[in-house]
Amino acid sequence: MNGVLSDPFTISYPTAVQTSLNSGASFAKFDPSGSYVAGGRPDGSAVVWDLDTKAPIRWLEGHVKAVTSVDWSRNSRYLLTSSKDWNVIIWDLASDTDPVRRRATIRFDAPVVSASFHPRNSQIVVVLLSPGDAYLVDLRKQYRSRVELCEIQEESEDEGQGSRARSTMTVVRFDPTGRYIFAGTSAGSNIVFNTRTKTMIARHKISGAGIIRGLDFAKGGRRLVTNSSDRVLRQFNLPIYMSSTAEGEYIEQELEPTYRFNDPINKNAWHAMAYSPDGEWLAGGAADNASHKIYIWDLANEGQFATALDGGPEPLLHVHWHPKKASIVSTTNVGNILVWHCPTPERWGAFAGGFEEVDENVEYEEREDEFDIEDESEIALRKQKAEDEEVDIDGLVEDQSSKPADLTQRVADDDEDIVWAIEESDDDHPGWRMKVVVEDDVDGL
């Protein structure tokens, strides 16, 4: 895994630890704005950290057993937590009360392995239970339901054997568009469901993979990386799926990976992986019991190994890439959240074209006219010209940033899956404010 030396001024992946947050969390995830980090703890609580102040600002205490996953809504107003206590809780971070107001509590009959929001509507949630059952939960009044996602079983060629053994689902994720749900199975397959119809539309067998342990998508949704029990990360280019198919019809296709990533020296498995925002880098968190290692590969350069980040002796549990810049959060087995960044040396010559950097101080000789104030007559003439210019009132364009995201988003009239998903808004609009609660501040202001 020898990498090619990169230009230090073009590095777009993190290289050093910026700060460590003593949170007690087993995993952490950036919000879509990149301003906050939410961490789930083994004691059943979750905490939201402000990355500007490096302080916890909201505590979410609603579970009685370990939190198994957290997820943010698209504008960060709602936070979802799932737990081994069989519950999924959706928290409204816009509430001005402490503790935070619950928007909904979804109860199941088994421990919850993971849960996540639909990318376009936080009232739609996909949930995976420990027995391997996956459910799509819709909290909207018009579509309120809880539907189990079932794999279509094929009849065996031998009449006496019946259908083949049912594989259990080990990981479930929405794709970035929200049109599809991808489920990895214990049989080494990826099953694809249509979110609107809840029906299986494709099954992709991954040769030699074993149990699928993790899935992650590049931002565009056309590339998928899988983590499997054979200790190999595989990237795939996904095919184009039909928006609607006849009942019982689906694609049976084996995907060939474009790249395979592994640890050829230590043969480590992987706890998690994450794409960079531009999809040009892939980070893999190694399941090393003796060190905290993050491997990074350059996907724009044929998947070559770029570097290995060393976070010290505390083993890694989880990694997540910042949604907008070269930053990663990783968690350790003792509950610390490491925030990685890409430090850049200060280049003062970049601030002015004629600025020259010197090795030692020199006496500066000021020119006679260097700091003369501009002539007042020229200033008055410029102001007069600006006042004479006509303002086109009718041609002004209305600011769309204050409008709800659902109203400004362009949706194709014939895209039933997207139209269905954005019906009945979830009030997760830009412009809301999070109340900051600091432990030492009694008033919580």
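For the structure, see preceding data.
Residues numbered from 1 in each chain as written. Predicted model: local features only at pLDDT ≥ 70, side-chain atom pairs only at ≥ 80, totals over all residues. Heavy atoms only, no water.

1. Re the environment of Lys 54
As a reminder of what qualifies: Here a strand is any run of E in DSSP of at least two residues, a helix any run of H or I of at least four, and the numbering for each starts at the N terminus. When checking whether two residues touch, look at their non-hydrogen atoms; a contact exists if any pair is within 4.5 Å. Each polar contact in these results corresponds to two N or O atoms within 3.5 Å; when the atoms are within protein, one needs to be able to donate a hydrogen and the other to accept it, and residues that are neighboring in sequence are counted only if both atoms are side-chain atoms.
Note that Lys 54 resides in the loop between β4 (45-50) and β5 (55-61). Along the backbone, Lys 54 and Ser 20 are 34 residues apart, and their C-alpha atoms lie at a distance of 8.9 Å. Residues contacting Lys 54, with those up to four places away along its chain left out, are Thr 19, Leu 21 and Trp 49. In terms of polar contacts, Lys 54 uses its side chain to reach the backbone carbonyl oxygen of Leu 51, at 2.5 Å.

2. Thoughts on the packing of aromatic side chains
How we decide: Each aromatic pair joins two rings of Phe, Tyr and Trp (for Trp, the six-membered one) with centres within 6.5 Å, and gets the label stacked for planes under 30 degrees apart, edge-to-face for over 60, and tilted for any other angle. Exposure is judged per residue with a 1.4 Å probe applied to protein chains only, and the accessible area is read against the type maximum: over 50% gives exposed, under 20% gives buried, and values in between give partly exposed.
Enumeration over the complete set of coordinates arrives at 12 aromatic pairs. Ring geometry for Phe 182 against Tyr 241: centres 6.2 Å apart, planes inclined by 65°, an arrangement best described as edge-to-face. Placement of the pair is Phe 182 in strand β15 (residues 180-185) and Tyr 241 in the loop between β20 (233-237) and β21 (251-252), with a sequence separation of 59 residues. With a relative accessible area of 1%, Phe 182 lands in the buried category.

3. Thoughts on the side chain of His 322
Within the element layout of this structure, His 322 appears in the loop between β27 (316-321) and β28 (328-332). Polar contacts involving the side chain of His 322 include one to the main-chain amide nitrogen of Lys 324, which spans 3.0 Å. Setting aside anything within four residues of it in sequence, one finds His 322 in contact with Phe 30, Ser 33, Gly 34, Pro 277 and Ser 327.

4. Considering the side chain of His 118
Position of His 118 relative to the elements: it lies in strand β10 (residues 112-118). The exposure class of His 118 is buried, given its relative accessible area of 3%. From its side chain, His 118 meets the backbone oxygen of Gly 178 in a polar contact 3.0 Å long. Among all residues touching His 118, those that are not within four sequence positions of it are Ile 124, Phe 174, Thr 177, Gly 178, Thr 195 and Ala 421.

5. Let's talk about the sheet that holds strand β2 (residues 27-30)
Consider a sheet: its strands pair through backbone hydrogen bonds, and that pairing is either parallel or antiparallel. We apply this condition: For two strands to be treated as a pair, DSSP must find no fewer than two bridges joining them. Structural elements are reduced to axes, namely lines fitted to C-alpha atoms, with helices fitted over the stretch in contact, and the angle between N-to-C directions of any two is expressed from 0 to 180 degrees.
Strand order across the open sheet formed by four strands is β2-β3-β4-β5, with antiparallel pairing between neighbours. The open sheet has two edge strands with one neighbour each: β2 and β5. The mean inter-strand angle of the sheet, taken between neighbouring strand axes irrespective of direction, is 20°. Pairing geometry for strand β3 (residues 36-40) and β4, over five bridges, is antiparallel. Within β4, the position partnered with Gly 39 by the bridge is Val 47.

6. Notes on the environment of Glu 249
Mapped onto the elements, Glu 249 comes out in the loop between β20 and β21. Exposure remark for Glu 249: the relative accessible area of 48% places this residue in the partly exposed category. For the pair formed by Glu 249 and Ala 202, sequence separation is 47 residues and the distance between their alpha carbons is 8.6 Å.

7. Describing the pattern of salt bridges
Condition: Whenever Lys or Arg places a side-chain nitrogen within 4 Å of a carboxyl oxygen from Asp or Glu, that contact is recorded as a salt bridge.
The tally for this structure, following the rule as stated, stands at 16 salt bridges. Note that Arg 179 is salt-bridged to Asp 415, the shortest N-O span being 2.5 Å. Of this pair, Arg 179 sits in the loop between β14 (169-174) and β15 while Asp 415 sits in the loop between α2 (405-408) and α3 (416-422), and the two are 236 residues apart along the sequence. Accessibility expressed as a relative area gives 15% for Asp 415, which makes it buried. Arg 196 is the salt-bridge partner of Asp 417, the closest N and O atoms lying 2.8 Å from each other. Note that Asp 417 is positioned in helix α3 and Arg 196 in the loop between β16 (189-194) and β17 (200-205), a separation of 221 residues in sequence. Look at the salt bridges and you will find they share partners, linking Arg 74, Asp 426 and Asp 428 into a network.

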